[in-house]
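Residue-level listing of the chains:
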Amino acid sequence: MLSGAAVLLSLVTACHAPASPPRMHVPLGDLALMARVELATYEAGLAHQLVLTTELAPLGPDPVLVHGMRPRGEPGDNARIITRVSYVDYPGRGPLSSGKTLVDSREWGPDEWATAEVPLSRAFLIELPAPPDVLARRVEITVVLHPVDLVEGELRRNGGRPVVFPTVELQTFATERPVERPDLWPSDSTPEETFLWAASGPDERLVDTVDQLVAVLGDESLDVLVRDGAVAGLVYLTRVSHGRDVGRWQDWWAQQQP
């Protein structure tokens, strides 16, 4: 059985503003590109306007021409970039959350060369609905480019196959998290502190954080709102929900242990 650490680390990928830019090799017929994407927000608090930056570069030494526009008179659409943005808002009180998925299609833009030294970079603005009264917003985005064609030299081309970028995630919070959480969860923590300590804590403390949140949830001497903050933190970190049922959380967590 996987340890609690292995299970949680497979569930949670923490990305902050700007998000860590994942890289992947994208096979495209006879061509292969490095596809990179970055998601960032430059506003304080919860994400409302995001900047999506895509980057393409050939893996080999030869430049690649990314055709964005069809020749005049040729039927069909120009190159388009399709973005699928999913966001979830967390009030930080109990197991509640709400979200939505938005799909957008827009023109990629004119033809342009990409080289290993000078990748082809394009930035796009992503606008989300204004966040309600919540403590955290998690955003995940997938990006697919449908080029007219990719051409390397005179003979190698990919025939317009789509370029799939790696998925990225961004986490933002309504307020700055409290100072670093003590090793032992403070019994006088507020509901907001309880959630923010859990949701925005460092990755290396995930297992310890969940362990202590389960303990907080089961401590009937604590204020019910603090215990609700612990539930919210558990839902945020584990991406599963057992409601406010202490027994179900305890049983689930016991099953994650080695």
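Quick word on the nonpolar core
Nonpolar side chains in soluble globular proteins tend to be buried together. Counting 31 residues, the largest nonpolar core has Leu39, Leu50, Leu56, Trp108, Val139, Ile141 and Phe165 as the members making the most contacts within it. Within the residue set of this core, elements represented by two or more residues are β2 (31-40), β3 (49-58), β4 (64-67), β5 (80-90), β8 (120-127), β9 (136-146) and β13 (168-173). Top element by residues in this core is β2. It accounts for five residues.

As for the side chain of Thr209
Residue position: Thr209 is located in helix α3 (residues 206-217). Here Thr209 falls in the buried class, since its relative accessible area comes to 4%. Beyond its immediate sequence surroundings of up to four residues, Thr209 is in contact with Arg181, Trp185, Ala198 and Leu237.

What about the side chain of Arg205?
As for its position among the elements, Arg205 is in the loop between α2 (191-199) and α3. A polar side-chain atom of Arg205 sits 3.0 Å from the main-chain carbonyl oxygen of Arg181. Sequence-distant contacts of Arg205, that is, excluding residues within four places in its chain, are made with Glu180, Arg181, Pro182 and Asp183.

Here we look at the packing of α2 against helix α4 (residues 224-238)
Closest axis-to-axis distance for the α2/α4 pair is 8 Å, and the angle between their directions is 20°. Taken together, α2 and α4 sit at an angle that is classed as roughly parallel. Relative to α4, α2 is oriented so that their crossing is right-handed. Note on element contacts: α4 touches α2 through Leu225, Val226, Gly229, Ala230, Ala232, Gly233, Tyr236 and Leu237, opposite Pro191, Thr194, Phe195, Ala198 and Ala199. Taken together, the residues of the contact of α2 with α4 sort by class into 10 nonpolar, three polar and no charged.

Concerning α3
Think of an α-helix as turning once every 3.6 residues; residues three or four places apart then point the same way. Spanning 12 residues, α3 covers 16 Å between terminal C-alpha atoms, matching the ideal 16 Å at 1.5 Å per step. Every buried residue of α3 is listed here: Leu206, Thr209, Val210, Gln212, Leu213, Val214, Val216 and Leu217.

Observations concerning the pairing of β2
Of all 10 residues that make up β2, nine are buried, and the element is covered over most of its length. Examined bridge by bridge, β2 and β3 share eight bridges and lie antiparallel to one another. Residue pairing in the sheet places Leu33 in a bridge with Pro58 of β3.

Thoughts on the confidence of the model for the protein
When pLDDT is averaged along the protein, the result is 87, and 87% of the positions lie at 70 or above. When the elements of the protein are averaged for pLDDT, helix α1 (residues 4-11) gives the smallest value, 44, and β5 the largest, 97.

Here we look at α4
Given a rise of 1.5 Å per residue, 15 residues ought to cover 21 Å, and the 21 Å separating the end C-alpha atoms of α4 matches this to within 8%. Taken across its 15 residues, α4 has 13 buried, putting it largely inside the fold. Measuring from the backbone nitrogen of Leu225 back to the side-chain oxygen at the start of α4 gives 2.7 Å, which picks out Asp223 as the cap. The first or second residue beyond α4 is Arg239, which carries a positive phi of 60°.

Description of the packing of α3 against helix α5 (residues 246-256)
Running from N to C, α3 and α5 point in directions that differ by 150°, and their axes come no closer than 10 Å. Viewed along their axes, α3 and α5 adopt a mutual orientation that is roughly antiparallel. Along this stretch, α3 crosses α5, giving a crossing that reads as left-handed. Counting all contacts with α3, which are made through Val207, Val210, Asp211, Val214 and Leu217, the residues of α5 involved are Val246, Trp249, Gln250, Trp252 and Trp253.

Things to note about the environment of Tyr90
Mapping Tyr90 onto the fold places it in strand β5. For the pair Tyr90 and Gly233, spaced 143 residues apart in the sequence, the C-alpha separation amounts to 9.3 Å. Dropping the residues within four chain positions of it, Tyr90 is found in contact with Leu96, Ser97, Val134, Leu135, Ala136, Arg138, Phe195, Val235 and Tyr236. Among the polar contacts made by the side chain of Tyr90, one reaches the side chain of Arg138 at a distance of 3.1 Å.

Points about the pattern of salt bridges
Under the counting rule described, the total for this entry stands at 12 salt bridges. A salt bridge links Arg122 to Glu112; its shortest N-O distance comes to 2.9 Å. Of this pair, Arg122 sits in strand β8 while Glu112 sits in strand β7 (residues 112-114), placing them 10 residues apart in sequence. Its relative accessible area of 11% is what places Arg122 among the buried residues.

Conventions adopted
- Residues numbered from 1 in each chain as written.
- Predicted model: local features only at pLDDT ≥ 70, side-chain atom pairs only at ≥ 80, totals over all residues.
- Heavy atoms only, no water.
- Core = buried A, V, L, I, M, F, W, Y, C linked by side-chain atoms within 4.5 Å.
- Buried < 20%, exposed > 50% of the residue type's maximum accessible area, 1.4 Å probe, protein only.
- Helix = DSSP H or I, 4+ residues; strand = E, 2+ residues; numbered from the N terminus.
- Contact = heavy atoms within 4.5 Å.
- Polar contact = N/O pair within 3.5 Å; in protein donor to acceptor, adjacent residues only side chain to side chain.
- Axes fitted to C-alpha atoms, helices over the stretch in contact; angles between N-to-C directions.
- Parallel < 35°, antiparallel > 145°, perpendicular 65-115°, else oblique.
- Left-handed = near helix turned anticlockwise from the far one by under 90°.
- Nonpolar A, V, L, I, M, F, W, Y, C, P; charged D, E, K, R; others polar.
- Expected span 1.5 Å × (residues − 1).
- Pairing = 2+ DSSP bridges.
- pLDDT = per-residue confidence, 0-100.
- Salt bridge = Lys/Arg side-chain N within 4 Å of Asp/Glu carboxyl O.

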